[in-house]
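Breakdown of the fold
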Protein chains: 4
Amino acid sequence: MPTPKNSSAVLLITCPDQKGLVATVSGELYRFGANIIHADQHQDHEEGLFFMRVEWLLEDFDLAGFRSVFEEIAARFNMTWQLKVNTERPRVAILVSQHLHCLADLLQRHQLGELECDIPLILSNHNDGESLAKYHGIDFRVIEASAANRAEAEEKQLTLLREANVELIVLARYMQILTPNFVAHYPFGIINVHHSFLPAFIGARPYHAAFGRGVKLIGATSHYVTAGLDDGPIIEQDVARISHRDQVQDLVARGRDLERLVLSRAVRWHLDRRIVSYRNKTVIFD
Amino acid sequence: MPTPKNSSAVLLITCPDQKGLVATVSGELYRFGANIIHADQHQDHEEGLFFMRVEWLLEDFDLAGFRSVFEEIAARFNMTWQLKVNTERPRVAILVSQHLHCLADLLQRHQLGELECDIPLILSNHNDGESLAKYHGIDFRVIEASAANRAEAEEKQLTLLREANVELIVLARYMQILTPNFVAHYPFGIINVHHSFLPAFIGARPYHAAFGRGVKLIGATSHYVTAGLDDGPIIEQDVARISHRDQVQDLVARGRDLERLVLSRAVRWHLDRRIVSYRNKTVIFD
Amino acid sequence: MPTPKNSSAVLLITCPDQKGLVATVSGELYRFGANIIHADQHQDHEEGLFFMRVEWLLEDFDLAGFRSVFEEIAARFNMTWQLKVNTERPRVAILVSQHLHCLADLLQRHQLGELECDIPLILSNHNDGESLAKYHGIDFRVIEASAANRAEAEEKQLTLLREANVELIVLARYMQILTPNFVAHYPFGIINVHHSFLPAFIGARPYHAAFGRGVKLIGATSHYVTAGLDDGPIIEQDVARISHRDQVQDLVARGRDLERLVLSRAVRWHLDRRIVSYRNKTVIFD
Amino acid sequence: MPTPKNSSAVLLITCPDQKGLVATVSGELYRFGANIIHADQHQDHEEGLFFMRVEWLLEDFDLAGFRSVFEEIAARFNMTWQLKVNTERPRVAILVSQHLHCLADLLQRHQLGELECDIPLILSNHNDGESLAKYHGIDFRVIEASAANRAEAEEKQLTLLREANVELIVLARYMQILTPNFVAHYPFGIINVHHSFLPAFIGARPYHAAFGRGVKLIGATSHYVTAGLDDGPIIEQDVARISHRDQVQDLVARGRDLERLVLSRAVRWHLDRRIVSYRNKTVIFD
């Protein structure tokens, strides 16, 4: 079981780079007496952008007061920002098809306290995951989905997601394409795992393509979903060494571990408010 | 300094898979009293192919007799094969342009005894590598090469390579494209290093492309050169983790180590007769 | 779901190295018409030992006849050997304490068909794992164990293990020491996971020790259990990069993934008869 | 060739953690109009320590004025600090014995512009490295050193190092032990490479020890030298996978690449003022 964490707030900032940003933000937090536990910033010199993440304890801290002062600062520096407290657990839905290893992995991690969120809903176009969902006490709904009924299926999915009030959707090997319309409802709110080292082997059957090309390492990639296929901002990637001894089914088997790892890391970092996305890239504050 | 090695022979075999191959080859070696120090075989079930590598000591071994018996076996089983003794050191030429890190790395490894070969010739389209070649006592020739004079330049290169009697050509960041005509003179005899995790980022400026795509790992690939651009059989790949903190020049710097490693490994394995290439793939006997 | 596998036999051999071993074994298999799907051998020149693993299809194969002929060969060459058919699924028990991540990981892999075995029994000195065992339909027994009642507790455990007829015991973060007496009942039949890169940080609280020493990589190790603490033959190790930003609890969290991976790989390789252990080392046929 | 870098200053700070540190330092830099290109900070909550690294452009910056103001701040917050400008290239000496791969690697990197320093002196207890030093135009001095003449030899070494005015000493596989007296002259100014994954296999012949223990990964470690053997703050570690096929000499050969990598990274980070050392650990600002 995870030890209960202290209440803390996380501030995530993106804005045009300019002098005095760190001084201003840290100065204001100091004025409010913030007990900072982590702070990190990043500059993208090429794009002229500045990124910052600060986390501080909420005990004896006037959050409402700070927020109202900070809103003025944010406007002055043209910031995109979010301010979250860790006591409000994000709500997450998982979409899955017939490969259950990522779903099973996420649920065991959630059960063991590795993922700080609530998971009220699992959606699938098959019923394979039902007993797993039931064991974990999570609502499991089957919505048949295919190229033929895409619009209709997505309408049903969106309704259930809205009712479940989720802010993050995890595609745990969900094998249907999402339309731009669906994606537009959750900007930077849908995380997918692709079973290759993107941008190599975009699209279907990447392990077969990797085997055919004779690569010496296979990979997996977690990324935010955008309108383009397998084209969103990459969150995490990992690889495993293979050899000529490995057949396609060995690549599939080894790849499952990569998929589990890169997807669960991406979800955890998202939940911990460690990711800022911009220009089809991500900053991961560690 | 490397310890002097015992004389040994290496037999590399590729043929259609069929029953009795290992029994026949190992039986014949046993009949000749071979003292085997390494033996490995591989089957590609999909393609129905069999591969074998055997290495044995030459002391008290009738190599000529074995060769003549083996020729019959090879014919019977439709084998492609080579039989080499390690006392005949392969002769190698290196082609390089202005990035000298792979050349410098190969030469220091050669000097320290990590690469069992002779290097009689370095060819370049620039003169940057000259002092390095001179220090190592290797003939260094500049042949200007560009899209404009390709045929003529390659003619000169081929002449020098033929005179130097090399069996392996290493492209140590040689930035000119080789024509299919050139490549045809050295089938599976040209090793290139590409500064990406192929097949991602084929072609020019792969680190810039990787940076633009926002990948979380960069890679390098060594491969045999074929007529297609960056499309030959992959010998080795490796990757390094990068983060949002890394700019393009950081990718270039980190990539240099990957290039050094994957190229030097490929050359060493080739020299040790550990590689069999087929269907645009490689078997690496380790 | 795993595709049903063809029936196959695996022969594992260890013996003093001598000429003609491969020729004799492969010759005999050829004489029986074996359709070999994998074969690999290894020589430890320093110890003068030979190791071999062969796997072949059982269809149209006279296994009893081969076994009786092979027994003579084995005697002649002084072989230690085992011959197993993959249709007899090994029976496995898992021992666990309060950290459930390795147990949960093994059970989901078993459910998804990654581990070819039956798991009739889970033993624990705590009841935390009960609901997980129940969901997977596995008998779960609590036997209180501590330094005080070790002999008595082990007696009960051994009785249950004997009744369950298991050949492999997996210590999935089981936090009690096993006595030499217990271990002697299952030579090379108990696999443990230690949460460090052995032989660094033997014993209790290795993540704290790693943090104190300021290492830049943490590791995990799976190994066969012998009489000495954390001293048995190593099966698999893996590491993860950490930085100064990681506190002890971050090491523990990252380490959980390493423990899951190295333990599940060790169990899979053992079940697939890929491991030969000798002189406190392992040969892993891949 | 490296592109010429802009002049910049780096400030490295260690002090007891307290509120307002980032606000004060970044506020003062803002007041002086600093154009910050990198800034990072770290808190060790357990030890109650704060670390910061800031790098900014020197153009139009009153460095002397800032330094005098900052001295007051540093005194107030009880800071240990250094302020360096990158136009003053550090002077480095290398000590080496008979294994030359790390020396050769460092020199080629230096030649290619990867290490921003001057190397006026190489010291050795053997003359193997002489031609390499000569090619690179570096003074090479042989001082015989053994347990018998340690004090005398170190006296000569210290004299030469003092004359060469070096601030960093790199032990590139220098196989003699340095006395505490010698080490005391260069606190956090001597970097060593140890050919194991410390703290495993401290002392002599670590590859033999690793082989004997049957590990599945070998490692190398770069660290600052302190009075205790192989016990100083670890800067970098890396590992490579090995298998039962690798004999001791294979471990030695693969280990050379690990040694090259971890030593060259440590030297580069030290030269770039990215390392702060405390409590036998290091913070590596990346």
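Residues numbered from 1 in each chain as written. Chains lettered and ligands numbered in written order. Predicted model: local features only at pLDDT ≥ 70, side-chain atom pairs only at ≥ 80, totals over all residues. Heavy atoms only, no water.

1. As for the overall build of chain A
- Regarding its fold elements, chain A presents 8 helices and 13 strands.
- Radius of gyration (C-alpha) of chain A: 20 Å, near the 19 Å computed for a compact globule of 286 residues.
- In terms of overall dimensions, chain A has C-alpha extents of about 60 × 40 × 40 Å along its principal axes.
- Residue pairs in contact within chain A that sit at least 24 positions apart in sequence constitute 67% of those at least 6 positions apart.
- In the structure as shown, chain A presents an accessible area of about 11400 Å², 49% of it carried by carbon and sulfur atoms. (Helix = DSSP H or I, 4+ residues; strand = E, 2+ residues; numbered from the N terminus. Rg over C-alpha atoms; globule rule 2.2 N^0.38 Å. Contact = heavy atoms within 4.5 Å. Areas by Shrake-Rupley, 256 points an atom, 1.4 Å probe, with all protein chains shown as cover.)

2. Side note on the relation of the copies chain B and chain A
- Screw-axis analysis of chain B against chain A gives a translation of 0.0 Å along the axis, an RMSD of 0.0 Å, and a rotation angle of 180 degrees. Between the two chains, the operation in question is that of a two-fold axis. Minimal C-alpha distance to the rotation axis in chain B is attained by A200 of chain B, lying at 2.3 Å.
- The share of interface residues of chain B whose copies in chain A are also at the interface is 100%, consistent with both copies meeting through the same surface. (Least-squares fit on C-alpha atoms with pLDDT ≥ 70 in both.)

3. Some thoughts on the interface of chain B and chain A
- In this assembly, 38 residues from chain B lie in contact with 38 residues from chain A.
- Linking chain B with chain A are 10 salt bridges, by the criterion used here.
- Linking chain B with chain A are 20 residue pairs in polar contact (both at pLDDT 80 or more), by the criterion used here.
- Listing elements by their share of the side of chain B that touches chain A, those giving two or more residues are β2 (35–44), α7 (206–213), β11 (234–241) and β13 (281–284) of chain B.
- A total of 7 residues in the side of chain B that touches chain A trace back to one element, the largest contributor, which is β11 of chain B. (Salt bridge = Lys/Arg side-chain N within 4 Å of Asp/Glu carboxyl O. Polar contact = N/O pair within 3.5 Å; in protein donor to acceptor, adjacent residues only side chain to side chain.)

4. Regarding the interface of chain C and chain A
- Listed per partner, the contact involves 18 residues of chain C and 18 residues of chain A.
- Across the chain C/chain A interface, buried area totals approximately 1700 Å², and carbon plus sulfur atoms make up 44% of it.
- Across the contact surface, chain C and chain A share 8 salt bridges.
- For E114 of chain C, the salt bridge goes to R256 of chain A, with nearest N and O atoms at 2.8 Å.
- Counting across the chain C and chain A interface gives 12 residue pairs in polar contact (both at pLDDT 80 or more).
- Mapped onto the side of chain C that touches chain A, the elements with two or more residues apiece are α3 (101–111), α4 (130–135) and α8 (248–271) of chain C. (Buried area = accessible area lost by both parts, 1.4 Å probe.)

5. What to know about helix α3 (residues 101–111) of chain B
Residues and elements named next belong to chain B.
- Counting buried positions over the 11 residues of α3 gives 9, a clear majority of the element.
- Turning to α3, its buried residues number three or more, namely H101, C102, L103, A104, D105, L106, L107, Q108 and R109.
- Where α3 ends, the next residue or the one after it, G113, has phi of about 90 degrees, a positive value. (Buried < 20%, exposed > 50% of the residue type's maximum accessible area, 1.4 Å probe, protein only.)

6. Notes on the pattern of salt bridges
- Scanning the entire structure with this criterion turns up 93 salt bridges over all chains.
- A salt bridge links R254 of chain A to D246 of chain A; the nearest nitrogen and oxygen atoms lie 3.5 Å apart.
- In the salt-bridge network here, residues are joined through shared partners; they are D40 and D286 of chain A, R245 of chain B, R245 of chain C together with D40 and D286 of chain D.

7. Notes on the relation of the copies chain C and chain A
- Take chain C, turn it by 180 degrees, move it 0.0 Å along the axis, and it overlays chain A with an RMSD of 0.0 Å.
- Take the interface residues of chain C: 100% of them recur as interface residues in chain A, which is what a same-surface contact looks like.

8. Quick word on helix α1 (residues 21–31) of chain B
- A large share of α1 of chain B lies buried, amounting to 8 of its 11 residues.
- Every buried residue of α1 of chain B is accounted for by L21, V22, A23, T24, V25, S26, E28 and L29 of chain B.
- On the buried face of α1 of chain B, the contacting elements are β1 (8–16), β2, β3 (49–57) and α2 (63–76) of chain B together with α1 (21–31) of chain C.

9. Describing the confidence of the model for chain A
- When the pLDDT values of chain A are averaged, the result is 94; 98% of them are 70 or greater.
- Complex prediction metrics read pTM 0.95 and ipTM 0.93. (pLDDT = per-residue confidence, 0-100.)

10. Description of the pairing of strand β6 (residues 118–124) of chain A
Residues and elements named next belong to chain A.
- For β6, a buried count of 5 out of 7 residues is recorded, marking the element as mostly surrounded by other parts of the structure.
- Bridging between strand β5 (residues 91–96) and β6 involves 5 bridges; their strand directions are parallel. Counterpart to I94 in the pairing with β6 is I122.
- Remark: the β5/helix α3 (residues 101–111)/β6 crossover connection has right-handed handedness.
- For β6 and strand β7 (residues 139–142), the ladder comprises 4 bridges, and the chain directions are parallel. Its bridge partner being in β7, L123 is matched across the sheet by R141. (Pairing = 2+ DSSP bridges. Right-handed = clockwise from strand over helix to strand, strands pointing away.)

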